[in-house]
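# Results of the structural survey
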Amino acid sequence: MKETMRELTTSSTDPDATMETAVEEKDSYFSNYGHHGIHEEMLKDEVRMDSYELFITKNTEIFKDKVVLDIGCGTGILSLFAVKAGASHVFAIDQSPIIHKAVEISEREWG
Ligand SMILES: C[S@@+](CC[C@H](N)C(=O)[O-])C[C@H]1O[C@@H](n2cnc3c(N)ncnc32)[C@H](O)[C@@H]1O
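Bear in mind the structure is a predicted one, so any value in this text is a computation, not a measurement. Residue numbers here run from 1 along each chain, matching the order of that chain's written sequence. Under the rules for a predicted model, residues below a pLDDT of 70 receive no local features and side-chain atom pairs below 80 are neither given nor counted, while totals for whole chains, interfaces and linings still include all residues.

## Quick word on the overall build of the protein
- Put simply, DSSP H or I for four residues or longer makes a helix, DSSP E for two residues or longer makes a strand, and each gets a number counted from the N terminus. For the protein, the helix and strand inventory stands at seven helices and two strands.
- Listing the helices and strands of the protein from first to last along the sequence gives α-α-α-α-α-β-α-β-α.
- Here a residue counts as buried when 20 or more other C-beta atoms fall within 10 Å of its C-beta, as exposed when 12 or fewer do, and as partly exposed in between; the C-beta atoms come from the backbone. Within the protein, the proportion of its 111 residues that are buried is 17%.
- Contact definition: two residues whose C-beta atoms, as placed from backbone geometry, lie within 7 Å. Sequence separation of 24 or more characterises 44% of the internal contacts of the protein that already satisfy a separation of 6 or more.

See the structure below:
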């Protein structure tokens, strides 16, 4: 307990250490999302994917002829649904290296 309190006190009073920890956590968050496995798991989650697909493709009035911004697109699957629902443009961004896979997939789909 004493040790924990000391750690908390140290990190909360040392802005450089706090910043360093935050940067490390951010880097590890995005590098984790760079691995294909985590995306494969999300894509294989049928309840999750069916819910997104149904919502997007059954509510075309929200997407038709609209410009869509997919922030945190991962593999780009939700962007793909938005295109399917009639979006005129879809901008897909992701901070992690998975974006390269998204680019590869979109080039394969739409050239
Ligand atoms: C839970 S995954 C969802 C991926 C995708 N939308 C899907 O449904 O399969 C979240 C994604 O958002 C990205 N992300 C999180 N915060 C972000 C940010 N601030 N800027 C860009 N991408 C971000 C992660 O790198 C990760 O690929």
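## A few points about the packing of helix α4 (residues 46-58) against helix α6 (residues 77-84)
- As a packed pair, α4 and α6 sit with axes 8 Å apart at the nearest point and diverge in direction by 25 degrees. The orientation of α4 with respect to α6, classified from their angle, is roughly parallel. The way α4 lies across α6 gives a crossing that is right-handed. In contact with Y52, E53, I56 and T57 of α4, α6 contributes L78, F81, A82 and K84.
- Its residues placed into classes, the contact of α4 with α6 shows five nonpolar, one polar and two charged. The axes used here are C-alpha line fits, helices contributing only the stretch in contact, and every angle between their N-to-C directions lies in the interval 0 to 180 degrees. For classification purposes, angles smaller than 35 degrees are called roughly parallel, those larger than 145 roughly antiparallel, those between 65 and 115 roughly perpendicular, and all remaining angles oblique. Should the near helix be turned anticlockwise from the far one by less than a right angle, the crossing is left-handed, and should it be turned clockwise, the crossing is right-handed. Residues are grouped as follows: nonpolar covers Ala, Val, Leu, Ile, Met, Phe, Trp, Tyr, Cys and Pro; charged covers Asp, Glu, Lys and Arg; every other residue, Gly included, is treated as polar.

## Some details on the site of the ligand
- Any residue whose C-beta atom, as placed from the backbone, lies within 6 Å of a molecule or strand is termed near it. Taken together, 15 residues surround the ligand, and among them Y33, G72, G74, Q95 and S96 come closest.
- The residue inventory of the shell around the ligand, partitioned by class, reads nine nonpolar, five polar and one charged.

## What to know about the environment of G76
- Structurally, the position occupied by G76 is in the loop between β1 (67-71) and α6.
- For the pair formed by G76 and V90, sequence separation is 14 residues and the distance between their alpha carbons is 10.0 Å.
- Residues within four places of G76 in sequence aside, it is in contact with A92, A102, I105 and S106.

Shape descriptors only; they carry no functional weight alone.
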